[in-house]
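Letter by letter, the chains look like this.
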Amino acid sequence: MTRTSARSGSPFESAIGFSRAVRVGSIVAVSGTAPVWPDGTVDPDPAVQARRCWEICLTALIELGGSVADVVRTRQYVVSAADGDAIGAVHGEVFGDVRPASTMVVVAGLLDPRWKVEVELDAVLDS
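What counts as what
Residues numbered from 1 in each chain as written. Predicted model: local features only at pLDDT ≥ 70, side-chain atom pairs only at ≥ 80, totals over all residues. Heavy atoms only, no water. Helix = DSSP H or I, 4+ residues; strand = E, 2+ residues; numbered from the N terminus. Phe/Tyr/Trp six-rings, centres within 6.5 Å; stacked < 30°, edge-to-face > 60°. Buried < 20%, exposed > 50% of the residue type's maximum accessible area, 1.4 Å probe, protein only. Lys NZ or Arg CZ within 6 Å of the ring centre and 35° of its normal. Axes fitted to C-alpha atoms, helices over the stretch in contact; angles between N-to-C directions. Left-handed = near helix turned anticlockwise from the far one by under 90°. Contact = heavy atoms within 4.5 Å. Core = buried A, V, L, I, M, F, W, Y, C linked by side-chain atoms within 4.5 Å.

Considering unusual backbone geometry
Right, on to step 1. At R99, a position not held by glycine, the phi torsion is positive, near 50 degrees.
Right, on to step 2. Its location among the elements puts R99 in the loop between α3 (84-95) and β5 (101-106).

Structure representation (C-alpha cells):
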C-alpha cells in the first residue's frame, strides 16, 4: 500500500520527526495541530485559534486527496473548560454537516503556553 505524507512547514515536523498528515490507502491521519500562523504568532482568542487549527488540518487533508466530508473522527485538546463553548462552536461551523465522531478533552497544558487548543483528525477517503 502506498504511503504519502503532507507537511505544513512547522519547525516541529523536522525537529520531532513527524508529518502533518499521513495517507495509507484510504486512511488519512492528521497530527496534533496547533494554532500557529506562518510568522509564528498565535492569536489569543480561542475561536480564532480553533479556526486556524482546522484550516491547517484541512489543508493537509486536501493535499492528500480528501475533503471535510471524509472526516470520521476529530479530537480537540483544550487547556480550559471555559473555552469549550467557543472552540466547540467553531467545530460545529466546520463539521456541522459532516458530524464526525468527536472528543474534546481538557488537558493540563500544551507545548506552547499561548495555545488554548490543539486538534487532530482522521478521515476515510472513498478513492
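Thoughts on the packing of aromatic side chains
Right, on to step 1. With the rule as written, the count across this model stands at 1 aromatic pair.
Right, on to step 2. Between the aromatic rings of W54 and F95, the centroid separation amounts to 4.9 Å while the plane-to-plane angle is 85 degrees, which identifies the pairing as edge-to-face. Taken together, the residues W54 in helix α2 (residues 46-63) and F95 in helix α3 connect sequence positions 41 residues apart. Comparing W54 with F95, the two get one shared label, buried.
Right, on to step 3. The lysine or arginine in question, R52, covers the ring of W37, its NZ or CZ lying 4.5 Å from the ring centre.

Thoughts on the packing of α2 against α3
Right, on to step 1. The interhelical angle for the contact between α2 and α3, taken along N-to-C directions, is 35 degrees, at an axis separation of 8 Å. Once α2 is placed against α3, the crossing between them reads as right-handed. Side by side, α2 and α3 meet where P46, A47, A50, R51, W54 and L58 of the first sit next to A86, I87, V90, H91, E93, V94 and F95 of the second.

As for the nonpolar core
Right, on to step 1. Membership of the largest hydrophobic core comes to 23 residues, with the highest contact counts inside it found for A21, V28, W54, L61, V117 and L121.
Right, on to step 2. Elements supplying a minimum of two residues to this core: β3 (27-33), α2, β4 (71-78), α3 and β6 (117-124).
Right, on to step 3. If you tally residues by element for this core, the top one is α2, at 8 residues.
Right, on to step 4. Among residues more than four places away in sequence, those in contact with W54 are T74, R75, Q76, V90, H91, V94, F95, V119, E120 and L121.

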